[in-house]
Amino acid sequence: MTAETERQALLTRLFRSPVWGAPMAGGPSSVELAATLAAEGATALLAGGMRACQQLIEDYRAASTGAESALAAAGSEIAPGVIGVNLFVPEPANTAIPEQRRAADSEERRERAAAVAAYRETLLSDAEAAEVELPAATDLNPDDTDGWDEKLDAAVAERWPLVTFTFGLPAPEVFDRLREAGILTGVTVTSPAEAAAAVRHGADLLTLQGPNAGGHRSVHDPQADPGQTPLLDLLAEVRFVVGPDVPLIAAGGIMNSGQVAESLKLGAAAVQCGTAFLRAPEAGTNPTHRLALEQASARMNLTRTSLTRAYSGRWARGIENRFQRDHRDAPAAYPEINQLTAPLRAAAQRRDDVEAISLWAGVGVAKAEAKPATEILRKLTENLISE
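Residues numbered from 1 in each chain as written. Predicted model: local features only at pLDDT ≥ 70, side-chain atom pairs only at ≥ 80, totals over all residues. Heavy atoms only, no water.

Turning to the environment of D149, a few remarks are in order. The residue D149 is located in helix α7 (residues 148–158) in this model. Once the C-alpha coordinates of D149 and C53 are considered, the two residues, 96 residues apart in sequence, prove to be 9.7 Å apart. (Helix = DSSP H or I, 4+ residues; strand = E, 2+ residues; numbered from the N terminus.)

Structure (structure tokens):
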């Protein structure tokens, strides 16, 4: 089998199911969730952001083994769905950031450091109440690479079949290297301009993230505000820009099979769901987050989600709480703000304090159900006609 034949076969496997499991960093995208979805034939993405490289390698191996074991136990000879890995693009590797803004001695960097230090002052009362100590402003590292090079090496050595990127756009050389290793690549985009740039750099597929998505928005330039174009309109706009041959995966606010069908009808090759799986027992959602999700389900339409930079320094959507309301002036400074608030988030989780912890979720959060992942997946795909 030639490399191109293998590539096409892998692309076919990617879209056996019209629903993908989204990468949700911080725990929800667990090994068990990925294995369960893959055993059902779906593509599932492990979250590599903020995950140690060796742990990510072990996660991938365990998820793959788990999916294969589940199918073998069921007496099935069908191959599992694809398990991929999603990586955060750190600022030093993000080509969407102008070079002068990345220079350590630039005026932009000095202004950013001052903004972070000022924001730290606003968190001191929270730290005192939580009985934790915040990192010193001088200890925060804007150039933290999150093990970027090591993870790319692991992708090639371990032959992960699919690697996707969020938080920015790597250089073309990154895509070339992965392609030579037989690995498919994808980029999460929020606008037609980002989509066009990703394809120019070599992305095989694109995840289109609409404004209703939970968790972090993948705006490539972290200083930019996220767009508000509705997902289905974004799908049409990006298709016009990149042409008919690039597979597009629609993401953001998709909670039922009707929304899946509508996305497929308008040209998506698949949809990607995260919030829908947050309450599944297989998900690694922490207990405090689960408590907030349960409360959201009980309140239904009274639950409000909003965008915030308060926890990480990057725009992200979550269930609105006191911390978000108190810290609306957080600067655009990831990963420093994420490093700065880590002790506060950990303390909030220990206390089960839903008013102080990050509660990432999309606008459909009240419809998330506490059911097994297989049941959620089947509900999302019911009544869909396979080609």
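With an omega dihedral of 15 degrees, the bond running from Y334 to P335 counts as a cis peptide bond. Here P335 lies in the loop between α13 (322–326) and α14 (336–351). Its identity is not glycine, yet D146 carries a phi of approximately 55 degrees, on the positive side. Note on placement: D146 falls in the loop between α6 (124–130) and α7. Residue R159 is not a glycine yet carries a positive backbone phi of 55 degrees. Topologically, R159 is positioned in the loop between α7 and β4 (162–166).

Our focus in this paragraph is the pairing of strand β8 (residues 248–251). Every second residue of β8 is oriented toward a common face, with L248 and A250 on one face and I249 and A251 on the other, all of them buried. As judged from the four bridges shared by strand β6 (residues 205–209) and β8, these two strands associate in the parallel manner. Paired with L208 across the two strands is A250, which belongs to β8. Sheet topology note: the β8/strand β9 (residues 270–273) ladder contains three bridges and is parallel. Each bridged residue has a counterpart across the sheet, and for I249 the counterpart in β9 is A270. Regarding topology, helix α11 (residues 257–265) serves as the crossover connection from β8 to the parallel β9, and that connection is right-handed. (Buried < 20%, exposed > 50% of the residue type's maximum accessible area, 1.4 Å probe, protein only. Pairing = 2+ DSSP bridges. Right-handed = clockwise from strand over helix to strand, strands pointing away.)

Before going further, it helps to examine the pairing of strand β3 (residues 83–88). Each regular strand shows side chains that alternate between the opposite faces of the sheet. Of all six residues that make up β3, six are buried, and the element is covered over most of its length. Taken together, the four bridges between strand β2 (residues 44–47) and β3 define a ladder with parallel strand orientation. For A47, the partnering residue across the bridge sits in β3 and is N86. This β-α-β element, β2 to helix α3 (residues 53–73) to β3, shows right-handed connectivity. Bridging between β3 and β4 involves four bridges; their strand directions are parallel. Across the sheet, V85 pairs through a bridge with V163, a residue of β4.

A separate point is helix α12 (residues 287–299). Spanning 13 residues, α12 covers 18 Å between terminal C-alpha atoms, matching the ideal 18 Å at 1.5 Å per step. Buried residues of α12: T288, H289, A292, L293 and A296, and no others. Burial along α12 is one-sided: seen end-on, the buried residues are contained in an arc of 140 degrees. Residues of α12 that are exposed and point over 90 degrees away from its buried face: P287 and A298. (Expected span 1.5 Å × (residues − 1). Arc of directions from axis to C-beta.)

Here we take up the side chain of E282. Of note, E282 is situated in the loop between β9 and α12. Ignoring any residue separated from it by four or fewer positions in sequence, one finds E282 in contact with S30, E32, L33, T36, P372 and A373. (Contact = heavy atoms within 4.5 Å.)

Moving on, we get to the sheet that holds strand β11 (residues 316–319). Strand pairing in a sheet relies on backbone hydrogen bonds. The paired strands run either parallel or antiparallel. With antiparallel pairing, three strands are arranged side by side in an open sheet as β7-β11-β10. Looking along the sheet, the strands with just one partner apiece sit at the ends: β7 (215–216) and β10 (305–308). By the bridge criterion, four bridges tie β10 to β11 in an arrangement that is antiparallel. Its bridge partner being in β11, T308 is matched across the sheet by A316.

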